[in-house]
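# Analysis of the macromolecular model
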Amino acid sequence: MRFSNIQIVIVFTVLGTIIRWIYGIYFTIWHQAPDHMAWELILREGAWNYAQLIHYPHEGGSILVSLISRCIGQFSDYNSLAISALILDSTSRFIQLWIISKVFSNKILWAFGTWTLFATPMILKWSMVNFGLHHISSVFPFLFIYFIYALPHSKKSQWIFGTFLGLSVWFSYINLVLIPVYLIYYFLTTKKYFPFRAILGLTIVLGTHLFTRVISDSGFHL
């Protein structure tokens with residue numbers, strides 16, 4: 001029986017989620033993560049202001065995590081941040097596997113899928129604990145690869161890349177590394193030095209981000 005790529009992606013995603021859920025339930029690792037516990041306590045206060053939804057000023061995407069956790073908290077007394085971590089981890093792995101299936105061969109899909117099931121103990125912990133967006137941010141390099149694969153060089157692709165890079169940095173500053181990677185890729189493939197539209201799109205998104213940081217109290221007084 002031959003499985004389609006999307007079936008393989010779904011099976012690896014579901015199996016990985018089950019393994020992580022069992023791991024989390026057995027070790028209850030959120031009880032060992034001070035950042036996670038502090039964030040959960042703040043969310044349980046029920047406020048909707050920026051300072052209590054943001055985890056750190058340099059991780060704007062943590063608002064998404066907070067909103068998902070707040071919604072989960074309406075239906076469950078269980079640790080909402082742990083549930084949201086598992087949901088976001090599963091979503092991230094699905095996207096990564098789907099991109100691998102599109103860009104690379106079946107052998108690589110099976111190899112990468114098998115690795116996602118067991119990974120390493122350190123990576124498995126991030127699947128059930130929220131204390132930053134470094135783990136979830138692993139999806140952005142895969143999206144970057146997919147854009148390279150799917151988008152031919154054009155004015156439109158520059159706008160897409162610039163917007164994508166801006167949003168990824170807004171999500172977490174760890175994604176700043178993608179900017180020089182894009183510039184190198186652009187030079188090597190076009191022999192041109194300056195993707196004007198991409199830089200402009202990036203500047204607009206990051207300018208909006210910095211404006212948000214300036215006018216909003218993140219609770220860190222930065």
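All residue numbers refer to position in the chain's written sequence, counted from 1. Totals for whole chains, interfaces and linings use every residue, but because this is a predicted model, local features are given only for residues with pLDDT of at least 70 and side-chain atom pairs only at 80 or more, for both listing and counting. Working from all heavy atoms in the structure, the side-chain values ignore hydrogens and water.

Per the convention used, a helix needs a DSSP run of H or I reaching at least four residues, while a strand needs a run of E reaching at least two, with both numbered from the N terminus. Across its full length, the protein chain carries 11 helices and zero strands. The N-to-C order of helical and strand elements in the protein chain reads α-α-α-α-α-α-α-α-α-α-α. Every radius of gyration here is taken over C-alpha atoms, with the globule rule written as 2.2 Å times N^0.38, N being the number of residues. In terms of overall size, the protein chain behaves like a compact globule, its C-alpha atoms giving a radius of gyration of 19 Å where 222 residues would be expected to give roughly 17 Å. Seen through its C-alpha atoms, the protein chain measures out along the principal axes to roughly 55 × 55 × 25 Å. For every residue, the accessible area (1.4 Å probe, protein chains only) is compared with the maximum for its type, and the residue is labelled buried under 20%, exposed over 50%, or partly exposed between those bounds. With 222 residues in all, the protein chain has 43% of them scored as buried. What makes two residues a contact is simply this: any of their non-hydrogen atoms within 4.5 Å. A sequence separation of at least 24 residues applies to 69% of the contacts in the protein chain between residues at least 6 apart. Residue burial considers only the protein chains on display, and all accessible areas are found by Shrake-Rupley using a 1.4 Å probe. Here the protein chain displays about 12,100 Å² of accessible surface, and carbon together with sulfur accounts for 73% of that area.

Moving on, we come to a nonpolar patch on the surface. Taken together, the side chains of Ile 6, Ile 10, Val 11, Val 14, Leu 15, Ile 18, Trp 21, Ile 22, Ile 25, Tyr 78 and Phe 94 make up a nonpolar region of the molecular surface, amounting to roughly 950 Å² of accessible area. Looking at the nonpolar patch, the element that brings in the most residues is helix 1 (residues 5–27), giving nine residues. Along the chain, Ile 10 falls in helix 1. Like-charged residues within 9 Å of one another, or nonpolar side chains (Val, Leu, Ile, Met, Phe, Trp, Tyr) within 5 Å, are grouped into patches, provided each residue has over 30% relative accessible area and no salt bridge. By definition, a salt bridge exists where a carboxyl oxygen of Asp or Glu is found within 4 Å of a side-chain nitrogen of Lys or Arg.

Tracing the backbone shows Thr 13 in helix 1. Looking at Thr 13, the relative accessible area reads 9%, which means it is buried. Definition of a polar contact: a pair of N or O atoms within 3.5 Å, with one able to donate and the other able to accept a hydrogen when the atoms are protein atoms, and with sequence-neighbouring residues admitted only if both atoms are side-chain atoms. Among the polar contacts listed, one links the side chain of Thr 13 to the backbone oxygen of Val 9, at a separation of 2.7 Å. With sequence-adjacent residues up to four places away left out, Thr 13 is seen in contact with Ser 90, Arg 93, Phe 94 and Leu 97.

Quick look at helix 11 (residues 196–215) now. Helix span is expected to be 1.5 Å times the residue number reduced by one. Taking 1.5 Å of rise per residue, 20 residues should cover 28 Å, and helix 11 covers 28 Å from first to last C-alpha, within 8% of that figure. Among the residues making up helix 11, those that are buried are Ala 198, Gly 201, Leu 202, Val 205, Leu 206 and His 209. What you see down the axis of helix 11 is that its buried residues fit within an arc of 115°, all on one side. Opposite the buried face of helix 11, at more than 90 degrees from it, the exposed residues are Phe 196, Ile 204, Phe 211, Val 214 and Ile 215. Along its buried surface, helix 11 packs onto helix 9 (155–171) and helix 10 (178–190). Along the arc lie the directions from the helix axis toward the C-beta atoms.

Orientation is described by axes fitted as lines to C-alpha atoms, over the contacting stretch for helices, and by angles from 0 to 180 degrees between their N-to-C directions. Taken N-terminus to C-terminus, the directions of helix 8 (residues 139–150) and helix 9 make an angle of 180°; their axes are 11 Å apart at the nearest point. Compared by their axis directions, helix 8 and helix 9 come out roughly antiparallel. Residues Phe 140, Leu 143, Phe 144, Phe 147 and Ile 148 of helix 8 form the contact with helix 9, whose own contacting residues are Ile 160, Phe 161, Phe 164, Ser 168 and Phe 171. Here is the rule for angles: anything less than 35 degrees is roughly parallel, anything more than 145 is roughly antiparallel, 65 through 115 is roughly perpendicular, and the remaining ranges are oblique.

On to empty space enclosed by the protein. Definitions used throughout: a 1 Å grid over protein atoms alone; a cavity as a set of points that fits a 1.4 Å probe which cannot get out; a pocket as an open set with protein on both sides within 12 Å along at least five of seven lines; a lining residue as one with an atom within 4 Å of a point. Grid points are joined across faces, edges and corners, and a volume is the space filled by probe spheres set on the points. Going through the model one piece at a time under the given rule, you end up with one cavity of 30 Å³ or more. Roughly 50 Å³ of volume is contained in the largest cavity. Considering the residues around the largest cavity, the lining is formed by Ala 85, Asp 89, Trp 126, Val 129, Asn 130, Gly 132, His 135 and Ile 136.

On to the environment of Ala 150, then. When you line up the elements, Ala 150 lands in helix 8. For the pair Ala 150 and Lys 102, spaced 48 residues apart in the sequence, the C-alpha separation amounts to 9.6 Å.

Okay, the pattern of salt bridges next. What the rule picks out here adds up to three salt bridges. Among the ionic pairs, Asp 89 bridges to Arg 20, the shortest N-O distance being 3.2 Å. With Asp 89 in helix 5 (residues 80–103) and Arg 20 in helix 1, the pair connects residues that are 69 residues apart, well separated along the chain. A single burial state applies to Asp 89 and to Arg 20, both of which are buried. With a closest N to O distance of 2.8 Å, Arg 93 and Asp 89 form a salt bridge. You can see Arg 93 and its partner Asp 89 sitting in helix 5, four residues apart, about one turn around the helix. Asp 89 matches Arg 93 in its accessibility class, with the two residues each being buried. One connected set of salt bridges, linked through shared partners, spans Arg 20, Asp 89 and Arg 93.

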